[in-house]
Amino acid sequence: KYLLQAIQKDPNNVNAHFWLAKVYYHEFIDEKKTKQILDEALTLDPNRADCLSLMTSVLIDLGRKPEEYVVYLERAVEQEPDWVSTQHFLASILLKLGRFTEAESHAKQALSLLNSRRLPKDIIGEYYESVVTGRSESKYSKDRLESLLKEIQSKKNNRSL
């Protein structure tokens, strides 16, 4: 209700669009409506990494092909290269696409980012760091990333044999 009111008062409020999309995606499980909201947000700001990353998840859920959604995640990483979640997510998708060298690079970057976490100043910042950027070790643990990196390296080595 409040997000809709915020958008009604200021249709250019990308933050309100992003959080409304999160609500539709996570609470109402409505990928089509989420995509519509994200399309509006990305029209307003085509470089919003949080919107680009969420759009990737939405397109996956809508059954789109990796070639269609990987571009959103690549743009998100370009905009926010220090987000663990986007680096990790992109490494996983690139692995599926057989782009092993790129996948390895992003997995290594995500691992290095875990060691340079920023401390949020408030509870909203803490939530954003955890849910959006993935710089929270509880969600993107070192073990998961190391396992992904080993899988990438194994497939990369098998391919070169």
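Below: a short report on this structure.

How each quantity is defined
- Residues numbered from 1 in each chain as written.
- Predicted model: local features only at pLDDT ≥ 70, side-chain atom pairs only at ≥ 80, totals over all residues.
- Heavy atoms only, no water.
- Axes fitted to C-alpha atoms, helices over the stretch in contact; angles between N-to-C directions.
- Helix = DSSP H or I, 4+ residues; strand = E, 2+ residues; numbered from the N terminus.
- Parallel < 35°, antiparallel > 145°, perpendicular 65-115°, else oblique.
- Left-handed = near helix turned anticlockwise from the far one by under 90°.
- Contact = heavy atoms within 4.5 Å.
- Nonpolar A, V, L, I, M, F, W, Y, C, P; charged D, E, K, R; others polar.
- Core = buried A, V, L, I, M, F, W, Y, C linked by side-chain atoms within 4.5 Å.
- Buried < 20%, exposed > 50% of the residue type's maximum accessible area, 1.4 Å probe, protein only.
- Phe/Tyr/Trp six-rings, centres within 6.5 Å; stacked < 30°, edge-to-face > 60°.
- Lys NZ or Arg CZ within 6 Å of the ring centre and 35° of its normal.

**A few points about the packing of helix H3 (residues 31–44) against helix H4 (residues 49–61)**
Between two packed helices, the angle of one axis relative to the other and the distance separating the axes together describe the packing.
Thought 1: Two elements in contact, H3 and H4, have axes separated by 10 Å at closest approach and are oriented at 150°. Taken together, the axis directions place H3 and H4 in an arrangement best described as roughly antiparallel. Here H3 runs over H4; the crossing is left-handed. Side by side, H3 and H4 meet where Glu31, Thr34, Lys35, Leu38, Asp39, Ala41 and Leu42 of the first sit next to Cys51, Leu52, Leu54, Met55, Val58, Leu59 and Asp61 of the second.
Thought 2: The class makeup of the residues in the contact of H3 with H4 is nine nonpolar, one polar and four charged.

**What to know about the nonpolar core**
Thought 1: Core analysis: the largest hydrophobic core is formed by 42 residues, its most contacted members being Leu38, Cys51, Leu54 and Ile152.
Thought 2: Listing elements by their share of this core, those giving two or more residues are helix H2 (14–26), H3, H4, helix H5 (66–79), helix H6 (84–96), helix H7 (100–114) and helix H9 (142–160).
Thought 3: Residue contacts for Leu38: discarding those within four places in its chain leaves Ala21, Cys51, Leu54, Met55 and Val58.

**Here's the deal with the packing of aromatic side chains**
Thought 1: Applying the stated criterion to the full structure yields two aromatic pairs.
Thought 2: Looking at Lys33, its charged tip hangs above the ring of Tyr24, at a distance of 5.8 Å from the centre.

**Overview of the packing of H6 against H9**
Thought 1: Where H6 meets H9, the axes come as close as 11 Å, and the angle between the chain directions of the two elements is 30°. The orientation of H6 with respect to H9, classified from their angle, is roughly parallel. The handedness of the crossing between H6 and H9 is left-handed. Residues Val84, His88, Ala91, Ser92 and Leu95 of H6 form the contact with H9, whose own contacting residues are Arg144, Leu145, Leu148, Glu151, Ile152 and Lys155.
Thought 2: Along the lines of polarity and charge, the residues of the contact of H6 with H9 split into six nonpolar, two polar and three charged.

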